[in-house]
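# Structure assessment
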Amino acid sequence: MLRTMTTGSWGLLVRTLKNTWSFCLLCTEFFQWEHSCLEHMESWLKGATEKIFDTKAKALEAEIQNSLLNKLNDEAREEVKTEIDKLRSKADAYLMKDNVLEMNTFKPILMSNMDHLQEEVTEEMVQRLGTVNESHCSLTQLERFENSLEKEQESKLHALVENSKSSKVLLQDTELEEEFEDVWSKTLSNFDFRPSETDDITARVTDVLKHNLIRCGLQKHMNKLEVIGKNQASGFQVNDEHFGYRSRLKHMFEDNNRLQRIEAQQVACNVTEEYNQFVADKSSLAADFSDSYIAELLENVEKALKDKSMEIRSAFEVDLKVYLCGAACQDFQKRHDRYAKDSVLLTTITATKSKYMSDFIYKFRKRDQCQRVAQAFTSMVVKPTVLDYIYRPLGMQMVKDIQDKAQQYQSPCSFHQSLMEELVKEDHFESFKEYLLDYDKFRVRKIQETVVAHLSESSNFGIWRQQRLGEIVGKIAAAVSQTAEGASGVLSDTKPLLERVCLIVEKDGDVDVKARSCLDGPFFSITTEWDRFVTCLMELLAAMRLELAQEFSQNVEITQLLQCPIIQPQEALFERVRGCDQHCPLCRAPCELQEGHELHKALLHRPKDMLPHDSGMTEGNPGMSKDKQDLSVACSSLHSLHPDWSISHGDPNTEMPCAYWRYVWARFNESFAKEYNQEPADISDEWKEITEEEALDSLKEAFFHGQC
């Protein structure tokens, strides 16, 4: 405004010092008014920007967004007009108050400048609103793309981790890059780019071809370019115009130039096939149409024709280029329509593709590492702890169940008595022989049979395992959950957290994490999101529980089951009924006294002829009877030979075998004689008349009076 006032005919008005000073004050005031106006519009634009960004996902609904943008544009015009009107009012008031500046002289100048200012500010506001709107749409599209990419990545990562978990094969970076390319291509092909408004690429294609023809000196064929973009034949056809007069005359006798036409048509077909491949390659790229596509296409045509020496006119080259450019308009228009409006977005995501790929590989490496550490912790620490919790008390529980069910396992004497009763009831010589010759082996076998029978008949074993499995898995899961509190989403070192899990589990005195030493070393010390690690751990824990539950529900051999308990039930039972390990030096009868005795004593001595002569009995002992009718065990001089054994002549079992042994002897007299290669003993008829019931009664009486 100052320049306007100081040039031309207006210069005379401001030459005086007073006028100049007043005018400078006016300019200063006007600058302040303008600054205040622009500040107000900036504030208004900020509010309008918030309205645009508040639309969020609706930013991609063209009708809604255009309506909002038009409304804001109208509001911007009205707001600018209101603010400029305020400036006009201030200018009027200022000029009326100032006596130096002439109202009629300066007012038109000021009003004209304000009109110009209104136009500039309005245009700027509308432009900036459009920019903000487009930025919001682009950011929304970018967010949608990243969400789609993340969704595809999550699906692919999950599949890769699961495959790695089952195959235990470590994928290389090149393999992961190929997997990411698959994710990237799938995301781009499925993404909804905003359709562009009508933007025909025909003019751009025509312009590139025009410059090509000029470069090749083929300007005379410019009129052929008019058909580009119009409907054209489905295939390129060779005609006479493509051959010169001399060429046609030369080949006129060759069936109307048939061979020459066939050769030219073949060249055109080859070029067309190369074009189709060219379009397919470009279409596989996630990119908008570029003029360079047409330039590259025309260079390919020129190269193909240069390699073929044919007598053809330039019209053939031009027609072929025009035909292919027409096809390119149709083929590449689709890509332009798809990507043109989001070309900036496409450029942005393409430029950051390597970052997305690096993030993809990094995520897989961390998750795979997380999965492998969780698997190792489960197999090396958790599973041994679970099996120890299940099987450590199982053997003793089985012993308790058997003792509650079978009273003979309450004491060594009860067990021995039950064995002898069972021998009579079985009525099997081989069992008697095993009992007499190898008492320890015999009773171990009987205990083993008892345990096997108990497992076969009882379902408590499976119920017990399932119950204990549920208990320990619940305790471990609770410990993991307790450790996870406050660590959600936080990158943590897994080793101290896993050690804490073990400590929490061990607080229950019934659990012993013996394999905790496996955590020593760097393998379990990784940095990962603890909640993701917990998820892996919980999944593996559930899978392990399911696997063990299925294993427990399957029918397996009893002998295989007996290998599971840490404390073998048959061994524990044997210790319960083992008693004193000493045997009578004369007849091998076991000592029946309880623990804490110094002098051993057997309740039922065995007749000597029921044992082999070399079994340890002292033949030729002075106290041993030589009469076969005397079936007692010799005891003379025994105290001097075995001072820790109590066998007196007054013991009725040393004078005459009890009814139990007489019954057995009479029952298996010939079997014993045959086994030991000796003559059968002369058994009285009285012994043969002893019944099984009488034999068992004498056995019970002997153990009752023996007070064992």
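What counts, and at which threshold
Residues numbered from 1 in each chain as written. Predicted model: local features only at pLDDT ≥ 70, side-chain atom pairs only at ≥ 80, totals over all residues. Heavy atoms only, no water. pLDDT = per-residue confidence, 0-100. Contact = heavy atoms within 4.5 Å. Core = buried A, V, L, I, M, F, W, Y, C linked by side-chain atoms within 4.5 Å. Buried < 20%, exposed > 50% of the residue type's maximum accessible area, 1.4 Å probe, protein only. Helix = DSSP H or I, 4+ residues; strand = E, 2+ residues; numbered from the N terminus. Patch = residues over 30% accessible without salt bridge, like charges linked within 9 Å, V, L, I, M, F, W, Y side chains within 5 Å. Areas by Shrake-Rupley, 256 points an atom, 1.4 Å probe, with all protein chains shown as cover. Salt bridge = Lys/Arg side-chain N within 4 Å of Asp/Glu carboxyl O. Disulfide = S-S within 2.5 Å. Axes fitted to C-alpha atoms, helices over the stretch in contact; angles between N-to-C directions. Parallel < 35°, antiparallel > 145°, perpendicular 65-115°, else oblique. Nonpolar A, V, L, I, M, F, W, Y, C, P; charged D, E, K, R; others polar. Polar contact = N/O pair within 3.5 Å; in protein donor to acceptor, adjacent residues only side chain to side chain. Phe/Tyr/Trp six-rings, centres within 6.5 Å; stacked < 30°, edge-to-face > 60°.

### Quick look at the confidence of the model for the protein chain
This prediction gives the protein chain a mean pLDDT of 80; 82% of its residues lie at or above 70. Note on residues 8-15: pLDDT is under 50 here. Beyond four places in sequence and across chains, it has 14 contacts. The model gives residues 616-634 a pLDDT under 50, and that stretch makes 33 contacts with residues more than four places away or in other chains.

### What to know about the nonpolar core
Phe 377, Val 386, Leu 604, Tyr 660, Trp 661 and Val 664 are the most contacted members of the largest nonpolar core, which totals 101 residues. Top element by residues in this core is helix 12 (residues 353-391). It accounts for 11 residues. With residues up to four places along the chain from it excluded, the contact list for Val 386 reads Leu 469, Ile 472, Ile 476, Met 544 and Leu 548. Val 208, Leu 225, Phe 289 and Tyr 323 belong to the second-largest nonpolar core, a separate cluster that totals 36 residues.

### Notes on a nonpolar patch on the surface
Nonpolar side chains collect at one region of the surface, where Met 396, Ile 566 and Ile 567 lie side by side and expose about 240 Å² of accessible area between them. Mapped onto the fold, Ile 567 is located in the loop between helix 20 (558-561) and helix 21 (569-577).

### Quick look at the environment of Ala 295
Mapped onto the secondary structure, Ala 295 falls in helix 9 (residues 291-306). A relative accessible area of 34% means that Ala 295 is categorised as partly exposed. In this structure, the C-alpha to C-alpha distance between Ala 295 and Asn 212, residues 83 residues apart in sequence, is 7.9 Å.

### What about the state of the cysteines?
In this structure the tally under the stated criterion is 0 disulfides. With no disulfide of its own, Cys 325 lies 6.9 Å from the sulfur of Cys 329, the closest cysteine sulfur. Its relative accessible area of 0% is what places Cys 325 among the buried residues.

### Details of the packing of helix 13 (residues 394-405) against helix 16 (residues 439-457)
Between helix 13 and helix 16, whose axes approach to 11 Å, the crossing angle comes to 95°. Overall, the two elements helix 13 and helix 16 adopt an arrangement that is roughly perpendicular. Listed contacts from helix 16 to Met 398, Asp 401, Ile 402 and Lys 405 of helix 13 are Thr 450, Val 451, His 454, Leu 455 and Glu 457. Among the residues making up the contact of helix 13 with helix 16, the classes are represented as 4 nonpolar, 2 polar and 3 charged.

### Some points on the pattern of salt bridges
Opposite charge on two side chains makes pairing possible when the charged atoms of those side chains draw close. This structure, assessed with the given rule, holds 40 salt bridges. The residue Asp 291 makes a salt bridge to Arg 204 at a minimum N-O spacing of 3.0 Å. Highlighted residues: Asp 291 in helix 9 and Arg 204 in helix 6 (residues 202-215), separated in sequence by 87 residues. A relative accessible area of 32% means that Asp 291 is categorised as partly exposed. A salt bridge links Glu 430 to Lys 433; the nearest nitrogen and oxygen atoms lie 3.2 Å apart. Of this pair, Glu 430 and Lys 433 both sit in helix 15 (residues 429-437), 3 residues apart, which is roughly one turn of the helix. When its relative accessible area of 18% is taken as the criterion, Lys 433 is described as buried. Ionic contacts of the salt-bridge type, sharing partners, join the residues Glu 422, Glu 426, Glu 434, Arg 445, Lys 446 and Glu 449 into one network.

### Points about the environment of Asp 682
Within the secondary structure, Asp 682 is located in the loop between helix 25 (669-676) and helix 26 (685-688). Taking relative accessible area as the criterion, Asp 682 reaches 53% and is therefore assigned exposed. With 13 residues separating them along the chain, Asp 682 and Asn 669 place their C-alpha atoms 8.9 Å apart.

### Structural notes on helix 24 (residues 659-667)
Counted residue by residue, helix 24 has 7 buried out of 9 residues, so it is predominantly covered. Residues of helix 24 that are buried: Ala 659, Tyr 660, Trp 661, Arg 662, Tyr 663, Val 664 and Trp 665.

### With respect to the side chain of Thr 483
Among the secondary structure elements, Thr 483 is positioned in helix 17 (residues 460-484). A distance of 2.7 Å separates a polar side-chain atom of Thr 483 from the backbone oxygen of Ala 479. Dropping the residues within four chain positions of it, Thr 483 is found in contact with Leu 497, Arg 500, Val 501, Ile 504 and Trp 530.

### Things to note about the packing of aromatic side chains
A complete count under the given rule lists 21 aromatic pairs for this structure. Considering the side-chain rings of Tyr 391 and Phe 552, the 6.4 Å spacing of their centres and the 80° angle between planes classify their relative orientation as edge-to-face. In this pair, Tyr 391 is assigned in helix 12 and Phe 552 in helix 19 (residues 530-553), connecting sequence segments 161 residues apart. What makes Tyr 391 buried here is its relative accessible area of 6%. According to the relative accessible area criterion, Phe 552 is buried, its value standing at 6%. For the pair Tyr 660 and Trp 661, a centre-to-centre distance of 5.2 Å together with 85° between the ring planes defines the contact as edge-to-face.

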